[in-house]
Amino acid sequence: MFKLALKNTLFYKGRSITTAVLTFASTILFILYISLLNGSHKSMLENSLKIYTGAIEIYHKGYRDIGGNEYLIQDVKAITDKLAKIDAIEAYSSRYETYGLLSNKEHSAAAMVAGIEPKREKILSSLESALREGSFLDENSANCLYMGIELAKKLKLGIGDEVAFIGSASDGSFAADIFRVCATFKTGSFEFDSSASFITRSYFDELMYAKNRASYITIKLKNIEDAEEVNSQIITMIDDESLESLTWKILMKNMVESMEIDAVFGYISLSLFMVVIFFVIMIYGFINVSSRIKGFGILRCIGLSKRDVFLLLFYEILILTILATALAAPIAAYICYYYSINPIVIEGIADMYKDYGIISNEIPFDFNLVTFGWNLGVIYLLNFLSILYPYMYINSFGPFEATRHV
Amino acid sequence: MYKLILKLAWKNSFLRRVRTLLVIIMIAVSMSMMLVLEGVYDGLVKNMVDKNKRSQSGDISIFAKEYRVSRDLANRIKNADEIKAQLQSTKGVEAVVLRVKADGLLSTARKSSFASLIGIDLKEEERFGKFSEFLKEGVIDFQKQGAIVGIELAKTLKLRIGSKVVFSTQDIKGEINSIALHVRAIVQTTNIGLDKGAIFIDINQAHKFLGTTSQDAMQIAIRGEDRELYGKLKRAFPNLDVKEFLELQPMMKMMQDVMIIFNSVTFLIVMGVVFIGIFGVMYVSILERVREFGIMISLGMPYRYIRAQIFLESIVVGLLGYLAGAVLGAILLIYLERYGIDLSAFSDALEMWGYEAVIYATIKVSYFTTTFGAIITASLLSVIIPLSRIKKLNPIEVIKADK
């Protein structure tokens, strides 16, 4: 049957070429589209995670929903001692975040001031590598402030300038101090750069009465794919009902959800092309079998079953699909691989979409063999579906009726 | 004669009923899907542009020269009331509002966040952009130190109607000043900046709090779609920063451009594939009737009549597909324009990016006219090659060969 199918595909050149070309085009389009979609989403997530958010973060229950000083983690050391025993954790650190007003003589701005452990933060986030001017914090930086470049611009501050901070301490009392801008950073995230500044925890803890307390503990994993598994391990290990340990999927729920919606719209757009191509392949298949009804009648008369006829059509479409995908898949894979290493750069896109958290002008593709696998699976499935109607059409004729068909 | 040709074309179009029907379904399904996609994407952008204009930028905005570089109280327009009066008497200006703005810290007893205080006149904003239509919760009202907050800011600070908040910032003298307010309403403007960080209060209260006067404003927003208005205002106020909507919202311009490119590329690809589909069917349909055409030519029928008949056949198929697609597309678009696509399950994510949870489509006549042109063109082009083969026919040989 396979031999017959092969001969048929060579004989009916018009149909074969059209089907193969359309399958080739749809395979390339499908793989590249999904790769671009996944690549841009992955890059957005990675950039966001790299800047500041941890793969896992531990909070006191209620801190994220209600907030306030009574929801601070009260014994950081007890938790971090346990975290130190988990192999899959690369680094961890506690942060104390508060919001206050930063003012100089003429300007003031609301800002998030966070007390961080500089040594640990170097491994955890990209804060250090975002340094623009001055030098990154260390344990002895005292009242040195590491300020977002857009915030510094807003306050018209330069390195060495002093700025007054007014906020409230962890016990609810009034907290005020004079900080000195020692360095500025630029992560590329406009919102972050225009609102965040950092100070060494040891100094900040004194001001905020926050020793051994923290807003949360942030964790970096050796492999981010293990987030769920490590999170379960952390929950078991800390064994404290008042705490919650959350993975990046929950921490960045809105971003993950918006990417899902974007992906859904992407798939809908793509399905338009797929539906049209499916119809054309089916029409060509239909035209082809319509012209061969007599032939099918003869085949049935000499003893071939309906199953054999189906197999014949199946092999024909299989041969054409294999031929097209064998050519298209390596080309598409190479393009994806190339652009995953050398992303497409659209100058100005980050600036244009800064409100949307886009921090890079680069749009990388995603090179993932599993994705290629299911993309090809869809193409094969569509092509197989395209023979169903032609097959039903042939079967609507009895063997003798078919032999007399004009 | 042409009546006969038309009759022949109609009958021949349905000679192979299933095949013709498949092409019609293919055109109808792809066309209706394309129309829906165009309508939904255009609707998304149109909605954002419209609400951005109404809530913030207007068609044109005027600022003090340095304000957009440094959002300082010092960089304010100091004779805003005079300019407003002048603008109101300018031809082409439909509405004008003054706004007072200051960035600062908004705090509840438990949480704080960055926010922009915006002093507005509710009555004027209603005329300007139907401000009340942005209401999500509560009552649009500034009574008793009332304030209206953006939906994302409300989520960040866990604000509800009646929540007490304190806004702190530097006033015009450089002193840190605070004002206690009650949340009266939560609004969703789909302007990401406003939804994430705006707290609206009465403009007179804002003046009092910041130490500015009723002659001051940080922004004068203007509605007016007269194309010459922008140039006129730029010339009239050379010492001020006059910007039109797309200059203030370059992202919107980019979104519009991206949508046009996306829709055009989609259109070309889909029509290209549709062309291949029609071509396949017409090609086979014509070539399997070569003998008939040979007989017709032998009987003395001029080639131009055969050509007309074949063109008519392809037009009949294309037109029927177009009509089915147009009706299906129009029904879907009307439904989506009225009821939209409800994505409430993802409302948090959508609102975070400035989109509404229900996305409404828009309908443009151009969707139908351009598709009509494309399908008819594709239908006509699809018979060019088979026609050239018919033209080369030697009728006697064809009749003999097919015997």
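Here the structure is a predicted model, which is why all the values come from computation and not from measurement.

Regarding the overall build of chain B
Logical step 1: Check the secondary structure of chain B and you find 16 helices and twelve strands.
Logical step 2: Here the C-alpha atoms of chain B give a radius of gyration of 31 Å, more than 25% beyond the 22 Å that 2.2 N^0.38 yields for 403 residues.
Logical step 3: Once the C-alpha set of chain B is aligned to its principal axes, its extents read approximately 105 × 50 × 30 Å.
Logical step 4: Within the span of chain B, comprising 403 residues, buried residues form 54% of the whole.
Logical step 5: Expressed as a percentage of contacts within chain B between residues at least 6 apart in sequence, the contacts between residues at least 24 apart total 80%.
Logical step 6: For chain B, the exposed surface amounts to about 18,300 Å²; the carbon and sulfur share of it is 58%.
Logical step 7: The centroid of the 52 positive side-chain charges in chain B is displaced by 9 Å from the centroid of its 40 negative side-chain charges.

Some words on the packing of aromatic side chains
Residue and element names in this part refer to chain A.
Logical step 1: As enumerated under the stated definition, the model contains 41 aromatic pairs over all chains in all.
Logical step 2: The interplanar angle of 80° and the centroid separation of 4.9 Å between the aromatic rings of F136 and Y146 together place this pair among those described as edge-to-face. Linking F136 in the loop between β4 (131–134) and β5 (144–148) with Y146 in strand β5, this pair joins segments that are ten residues apart in sequence. Accessibility classification places F136 together with Y146 in one group, the buried group.
Logical step 3: Relative to F384, the ring of Y380 has its centre 6.0 Å away and its plane inclined at 65°; by these criteria the two rings are edge-to-face.

As for the domain arrangement of chain A
Logical step 1: Segmenting chain A into domains produces domain 1 (2–49 + 255–403) and domain 2 (56–251).
Logical step 2: Here the C-alpha centroids of domain 1 of chain A and domain 2 of chain A sit 48 Å apart.

Description of the packing of helix α12 (residues 303–338) of chain B against helix α15 (residues 384–391) of chain B
Residue and element names in this part refer to chain B.
Logical step 1: Look at α12 against α15: their axes get within 11 Å of each other, and the N-to-C directions meet at 155°. Classified by the angle their axes make, α12 and α15 are roughly antiparallel. Both α12 and α15 take part in a crossing whose hand is right-handed. Here Y303, I306, R307, I310 and F311 of α12 lie close against α15, whose contacting residues are I384, L387, I390 and K391.
Logical step 2: Classifying every residue of the contact of α12 with α15 by side-chain character gives seven nonpolar, no polar and two charged.

Regarding the side chain of S269 of chain A
Logical step 1: Topologically, S269 of chain A is positioned in helix α10 (residues 253–290).
Logical step 2: The contact partners of S269 of chain A, leaving out residues within four places of it in the chain, are Y33 of chain A together with L37, Y41 and F262 of chain B.

A look at the interface of chain A and chain B
Logical step 1: Taken together, the 61 residues of chain A in the interface contact 57 residues of chain B.
Logical step 2: For the pair chain A and chain B, the number of links is two salt bridges.
Logical step 3: E191 of chain A is the salt-bridge partner of K196 of chain B, the closest N and O atoms lying 3.2 Å from each other.
Logical step 4: Counting across the interface, chain A meets chain B through 13 residue pairs in polar contact (both at pLDDT 80 or more).
Logical step 5: At the level of secondary structure, the elements contributing two or more residues to the side of chain A that touches chain B comprise α2 (13–51), β2 (89–103), β3 (108–116), α10, α13 (349–352) and α15 (388–395) of chain A.
Logical step 6: In terms of residues, the side of chain A that touches chain B owes the most to one element, α10 of chain A, which gives 23 residues.
Logical step 7: Of the residues in the side of chain A that touches chain B, the class split is 35 nonpolar, 15 polar and eleven charged.

Section: unusual backbone geometry
Logical step 1: The backbone of D239 of chain A shows a phi angle near 40°, a positive value even though the residue is not glycine.
Logical step 2: Phi angles above zero are rare outside glycine, and K158 of chain B is one such case at about 55°.
Logical step 3: As for its placement among the helices and strands, K158 of chain B is situated in the loop between α5 (151–157) and β6 (164–170).
Logical step 4: Since its relative accessible area comes to 40%, K158 of chain B is described here as partly exposed.

Details of the state of the cysteines
All names here are of chain A.
Logical step 1: This structure, assessed with the given rule, holds one disulfide over all chains.
Logical step 2: Here C144 engages in a disulfide with C182; their sulfurs sit 1.9 Å apart. Its torsion about the S-S bond being -60°, the disulfide of C144 and C182 is classed as left-handed. Highlighted residues: C144 in strand β5 and C182 in strand β7 (residues 174–185), separated in sequence by 38 residues.
Logical step 3: Relative accessible area serves as the criterion here: at 8%, C144 is assigned to the buried category.
Logical step 4: Here C182 falls in the buried class, since its relative accessible area comes to 11%.

Overview of the packing of α2 of chain A against helix α14 (residues 369–385) of chain A
All names here are of chain A.
Logical step 1: The geometry of α2 relative to α14 is characterised by a closest axis approach of 10 Å and an angle of 145° between their N-to-C directions. Between α2 and α14 the crossing geometry is right-handed. Only T371, F372, W374, N375, L376, V378, I379 and N383 of α14 make contact with α2, whose side of the interface consists of T23, S26, T27, F30, I31, I34 and N38.
Logical step 2: In terms of residue class, the contact of α2 with α14 is built from eight nonpolar, seven polar and no charged.

Quick look at the nonpolar core
Logical step 1: Among the nonpolar cores identified, the biggest contains 95 residues, and F296 of chain A together with V23, M26, I278 and I310 of chain B are the most heavily contacted of them.
Logical step 2: The greatest single-element share of this core, amounting to 18 residues, is contributed by α10 of chain A.
Logical step 3: Not counting residues within four places of it along the chain, the set of residues in contact with F296 of chain A comprises V289, V309, L312, L313 and I394 of chain A.
Logical step 4: Formed by 73 residues, the second largest nonpolar core is a distinct cluster that contains I51, A55, M112 and M147 of chain A.

Considering the domain arrangement of chain B
All names here are of chain B.
Logical step 1: Along its sequence, chain B is organised into domain 1 (2–52 + 252–401) and domain 2 (60–224).
Logical step 2: With twelve residues of domain 1 at the interface, the matching set in domain 2 holds eleven residues.
Logical step 3: When domain 1 packs against domain 2, close to 950 Å² is buried across both sides, 45% of that on carbon and sulfur atoms.
Logical step 4: Along the contact surface separating domain 1 from domain 2 lie one residue pair in polar contact (both at pLDDT 80 or more).
Logical step 5: For the side of domain 1 that touches domain 2, the secondary structure elements donating two or more residues are α2 (17–57) and α13 (347–352).
Logical step 6: For the side of domain 1 that touches domain 2, the residue count by class is four nonpolar, four polar and four charged.

Things to note about the pairing of strand β8 (residues 196–200) of chain A
Residue and element names in this part refer to chain A.
Logical step 1: The buried fraction of β8 is high, at five of five residues.
Logical step 2: Residues A196, F198 and T200 of β8 are buried on one face, and the alternating residues S197 and I199, pointing to the opposite face, are buried as well.
Logical step 3: Looking at chain direction, β3 and β8 are connected through five bridges and run parallel. Opposite A114, over in β8, you have F198 as the bridge partner.
Logical step 4: In the sheet, β5 pairs with β8 via two bridges, with the strands oriented antiparallel. Within β8, the residue paired with M147 across the bridge is S197.

Observations concerning a negative patch on the surface
Logical step 1: Among the surface-exposed residues, E94, E225, D226 and E228 of chain B lie close enough to one another that they form a single negatively charged patch.
Logical step 2: Turning to its location among the elements, E225 of chain B is positioned in the loop between β9 (219–223) and α8 (229–236).

A closer look at a nonpolar patch on the surface
Logical step 1: A surface patch of nonpolar side chains, about 420 Å² in accessible area, is lined by Y337, I341, F367 and L369 of chain A.
Logical step 2: Take L369 of chain A: its relative accessible area is 63%, and that puts it in the exposed class.

Calculation criteria
Residues numbered from 1 in each chain as written. Chains lettered and ligands numbered in written order. Predicted model: local features only at pLDDT ≥ 70, side-chain atom pairs only at ≥ 80, totals over all residues. Heavy atoms only, no water. Helix = DSSP H or I, 4+ residues; strand = E, 2+ residues; numbered from the N terminus. Rg over C-alpha atoms; globule rule 2.2 N^0.38 Å. Buried < 20%, exposed > 50% of the residue type's maximum accessible area, 1.4 Å probe, protein only. Contact = heavy atoms within 4.5 Å. Areas by Shrake-Rupley, 256 points an atom, 1.4 Å probe, with all protein chains shown as cover. Lys, Arg positive; Asp, Glu negative; His and termini not counted. Charge placed at Lys NZ, Arg CZ, Asp CG, Glu CD. Phe/Tyr/Trp six-rings, centres within 6.5 Å; stacked < 30°, edge-to-face > 60°. Domains from an automatic or database assignment. Axes fitted to C-alpha atoms, helices over the stretch in contact; angles between N-to-C directions. Parallel < 35°, antiparallel > 145°, perpendicular 65-115°, else oblique. Left-handed = near helix turned anticlockwise from the far one by under 90°. Nonpolar A, V, L, I, M, F, W, Y, C, P; charged D, E, K, R; others polar. Salt bridge = Lys/Arg side-chain N within 4 Å of Asp/Glu carboxyl O. Polar contact = N/O pair within 3.5 Å; in protein donor to acceptor, adjacent residues only side chain to side chain. Disulfide = S-S within 2.5 Å. Core = buried A, V, L, I, M, F, W, Y, C linked by side-chain atoms within 4.5 Å. Buried area = accessible area lost by both parts, 1.4 Å probe. Pairing = 2+ DSSP bridges. Patch = residues over 30% accessible without salt bridge, like charges linked within 9 Å, V, L, I, M, F, W, Y side chains within 5 Å.

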